[in-house]
Amino acid sequence: MSQHTAFGVSSSALELDSYRDLVAKQQPNWSDREAVAEASQDLASQPPLVFAGEVDRLRTRLAQAARGEAFLLQGGDCAETFAGATADKIRDRVKTMLQMAVVLTYGASMPVIKVGRMAGQFAKPRSSDTETRDGVTLPAYRGDIVNGYDFTPESRAADPKRMVRGYHVAASTLNLIRAFTQGGFADLRQVHEWNKGFVSNPANQRYEALAAEIDRALRFMDACGVESSALNQTEFYVSHEALLLDYERPLVRIDSRTGTPYGTSGHMLWIGERTRELDGAHVEFMSKLRNPIAVKLGPTATTDDALRLIDKLDPEREPGRLTFITRMGAEKIRDALPPLLAGVRDAGATPLWVTDPMHGNGITTATGYKTRRFDDVMNELLGFFESHREVGTFPGGVHIELTGDDVTECLGGSENIDEATLATRYESLCDPRLNHMQSLELAFQVAEELKSLR
Ligand code: PEP
Ligand code: MN
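All values derive from a computational prediction rather than experimental measurement. (Residues numbered from 1 in each chain as written. Chains lettered and ligands numbered in written order. Predicted model: local features only at pLDDT ≥ 70, side-chain atom pairs only at ≥ 80, totals over all residues. Heavy atoms only, no water.)

A short note on the overall build of the protein
The test is simple: What counts as a helix is a DSSP run of H or I of at least four residues, what counts as a strand is a run of E of at least two, and both are numbered from the N terminus. We compute the radius of gyration over the C-alpha atoms and compare it with the globule rule, which gives 2.2 Å times the number of residues raised to the power 0.38. The cut-offs for exposure are 20% and 50% of the maximum accessible area for each residue type, with area from a 1.4 Å probe on protein chains only; residues under the lower value are buried, those over the upper are exposed, and the others partly exposed.
If you tally the helices and strands in the protein, you get 15 helices and 14 strands. The C-alpha radius of gyration of the protein comes to 21 Å, within 12% of the 22 Å expected for a compact globule of 454 residues. Dimensions of the protein along its principal axes, counting C-alpha atoms only, are 65 × 55 × 45 Å. The buried share of the protein, taken over its 454 residues, is 57%.

This is the structure:
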């Protein structure tokens, strides 16, 4: 804390540092505190990545979803890497999200809020602090913003300079996202173009048929003289797990209009399943920020946990402020989710409820691949919609680990990726992602569910 008071910052900054007295789980063991302070000063002197006005606008969009008038599509890598921040890969991820959003919007006749797990999704919680290979034990890989993936002592040492690099990679990623989504690429008239370059398969063909319908509707609108800027630009927001507090804290800025602190590392920030204790540093830190905040809830979360998180993070119960992302597992969701939904509703709270059908469904194959079955993902997704139907609450969104690349990381889907195929293109350094086609298939399924709600 002294480091900040030394600069003579206001009392609101002191309040922002209240988390420093609490236990922060899942932080790296930095060996050089001075280098952390240097990185922190560097980050504190950089421009914000996102702006208060954008963050506020996303909050109003999420409020719509919490009321049942919009749907959240949140997706991207489990762990972004510095090497993976290339123009092609970013473009293909954005294209995949745009395609999914079109399928959902057209299918469900509902606005879709697009939020990438992008431009900052670099820090990973791990089940163990160390990793052992062939009798050698080294620190676990905690994401590119902390250490390297290569299994050597040099690479696995936590390096604070990586936080500054992470900021710059996030900035160039965001720059490209802004260009793609504001500069004509996201024009709905490009709806066919987004499908170009992806291998032909059933999901892509289904998408092409839908794109043709959209084309026809657009030509009709043109003929009627309808002009709308909504057709040639799209709002696209970025989000990540705000895990690494030495990165997040220096990127907080006080909004000059209102004097309120905003986390400017991303529009929406979330707290992971492993760091959501009420008396932990993450919940305390995020409670001070004005951003839309999400919290992951696993199968052990109780109604009381949820209500106490609401009291701490959203005491005003402001729609759009708080999102619960449930990740129960396909086997558990139908038992675990309905009582949680009912308990929160009965307490008069209206958070946005989103499903993450990925993180409760991890398995490891005999050959050692971390994977997920597409069928389990779909099963949890259906369980999410069933649970909300049962309780009468609104299933407000999906949170997916995906890529625009044709990787082979999750089993199944219409390409029927089997265990032997996993090895052919497994690129994730962390959790397995849906590939382009599996992502589209999922979007079509969600669109069906949303249609049946109307
Ligand atoms: C993640 O989203 O990559 C993640 C680690 O999720 P969870 O906190 O739900 O386990
Ligand atoms: Mn993950």
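The structure having been displayed, the exposition proceeds.
Concerning the site of ligand 1
Formally: Here a residue is near a molecule or strand as soon as one of its heavy atoms is found within 4 Å of it. In protein, a polar contact requires one atom able to donate a hydrogen and another able to accept it; more generally it is a pair of N or O atoms within 3.5 Å, and residues adjacent in sequence count only if both atoms are side-chain atoms. To measure how exposed things are, a 1.4 Å probe is used in the Shrake-Rupley method; for residues, cover is taken only from the protein chains shown. A 1.4 Å probe that fits into a set of points on a 1 Å grid over the protein atoms alone but cannot get out defines a cavity; an open set with protein on both sides within 12 Å along at least five of seven lines defines a pocket, and lining residues are those with an atom within 4 Å of a point. Should more than half of a molecule's atoms lie within 2 Å of a pocket's or cavity's grid points, that molecule is taken to sit in it. When residue character is reported, Ala, Val, Leu, Ile, Met, Phe, Trp, Tyr, Cys and Pro are called nonpolar, Asp, Glu, Lys and Arg charged, and the others, Gly included, polar.
Taken together, Cys 78, Arg 117, Lys 124, Pro 125, Trp 270, Gly 272, Glu 273, Arg 274, Lys 296, Arg 327, His 359 and Glu 401 form the complete shell of residues around ligand 1. The contact in question runs from an oxygen atom of ligand 1 to an N or O atom on the side chain of Lys 124, over 2.8 Å. Within the side chain of Glu 401, one N or O atom sits 3.1 Å away from an oxygen atom of ligand 1. Burial of ligand 1 by the surrounding chains reaches 97%, relative to a free accessible area of 300 Å². The cavity where ligand 1 resides is the second largest pocket. A class-by-class count of the residues in the shell around ligand 1 yields three nonpolar, two polar and seven charged.

Remarks on the packing of helix 12 (residues 333–346) against helix 13 (residues 374–391)
Any two packed helices are characterised by how steeply their axes cross, that is the angle between the axes, and by the distance between the axes. Here is the rule we go by: For helices, the fitted line uses only the C-alpha atoms of the stretch in contact; every axis is such a line through C-alpha atoms, and the angle between N-to-C directions lies from 0 to 180 degrees. We call a crossing left-handed when the near helix sits turned anticlockwise from the far one by less than a right angle, and right-handed when that turn is clockwise. Two residues qualify as a contact provided that any one of their heavy atoms is within 4.5 Å of a heavy atom in the partner residue.
Remark: helix 12 packs on helix 13, axes separated minimally by 9 Å, with the N-to-C direction vectors making an angle of 35 degrees. In the packing of helix 12 onto helix 13, the handedness of the crossing is right-handed. The residues of helix 13 that touch helix 12, namely those facing Ile 333, Arg 334, Leu 337, Pro 338, Leu 341, Ala 342 and Arg 345, are Asn 379, Glu 380, Leu 382, Gly 383, Phe 384, Glu 386, Ser 387, His 388, Glu 390 and Val 391. For the contact of helix 12 with helix 13, the class distribution of residues is eight nonpolar, four polar and five charged.

Quick look at empty space enclosed by the protein
The condition is simple: Grid points are joined across faces, edges and corners, and a volume is the space filled by probe spheres set on the points.
Going through the model one piece at a time under the given rule, you end up with two cavities of 30 Å³ or more. Of the volumes computed, that of the largest cavity is approximately 40 Å³. Around the largest cavity, the lining residues are Ile 310, Asp 314, Arg 317, Glu 318, Ala 349, Thr 350 and Pro 351. Along the lines of polarity and charge, the residues of the lining of the largest cavity split into three nonpolar, one polar and three charged. What the second largest cavity holds in volume is close to 30 Å³. As for the second largest cavity, its lining consists of Gly 120, Ala 123, Ile 145, His 240, Glu 241, Leu 244, Tyr 247 and Glu 248. Those elements giving two or more residues to the lining of the second largest cavity turn out to be strand 5 (236–241) and helix 9 (245–248).

Points about the layout of surface pockets
Size it by volume and the largest pocket reaches roughly 760 Å³. As for the largest pocket, its lining consists of 26 residues, of which Thr 105, Lys 114, Leu 188, Ala 230 and Thr 234 are closest to the centre. Where the lining of the largest pocket is concerned, the elements lending two or more residues are helix 4 (52–66), helix 5 (87–108), strand 2 (112–117) and helix 8 (202–223). The greatest single-element share of the lining of the largest pocket, amounting to five residues, is contributed by helix 5.

Side note on the coordination of the manganese ion (ligand 2)
This is how it is decided: Atoms are scored as donors when they are N, O or S and lie within 2.8 Å of the metal, with 3.2 Å used for Na, K and Ca; no water is included, so coordination may look incomplete.
Looking at the manganese ion (ligand 2), one finds its protein donor set to be Cys 78 (SG), His 359 (NE2), Glu 401 (OE) and Asp 431 (OD), positioned 2.1 to 2.5 Å from the metal centre. In the primary structure, the donors to the manganese ion (ligand 2) are separated according to the pattern C-x280-H-x41-E-x29-D. In this pair, His 359 is assigned in the loop between strand 11 (352–355) and strand 12 (362–364) and Asp 431 in the loop between helix 14 (419–422) and helix 15 (436–451), connecting sequence segments 72 residues apart.

Digging into the pairing of strand 1 (residues 71–76)
Applicable threshold: By definition, two strands form a pair when at least two bridges between them are found by DSSP. A right-handed crossover is one whose linking path, passing over the helix from the first strand to the second, runs clockwise when the strands point away from the viewer.
Across the six residues of strand 1, six count as buried, placing the element largely inside the fold. Taking every second residue as pointing to the same face, both faces of strand 1 are buried, with Phe 71, Leu 73 and Gly 75 on one and Leu 72, Gln 74 and Gly 76 on the other. Bridging between strand 1 and strand 2 involves five bridges; their strand directions are parallel. Bridging across to strand 2, Phe 71 finds its partner in Val 112. With helix 5 bridging strand 1 and the parallel strand 2, this β-α-β connection has right-handed handedness. Note that strand 1 and strand 14 (residues 395–401) share five bridges and pair parallel. In the strand pairing of strand 14, Gly 75 is matched with Ile 400.

Regarding the pairing of strand 5
Where burial is concerned, most of strand 5 is hidden: six out of the six residues are buried. Of the two faces of strand 5, the one lined by Phe 236, Val 238 and His 240 and the one lined by Tyr 237, Ser 239 and Glu 241 are each fully buried. In this sheet, strand 5 lies alongside strand 2 in parallel orientation, the contact comprising four bridges. Within strand 5, the residue paired with Val 115 across the bridge is Tyr 237. Here three bridges tie strand 5 to strand 8 (residues 268–271), and the two strands are oriented parallel to one another. Following the sheet pairing, Glu 241 is matched in strand 8 by Trp 270.

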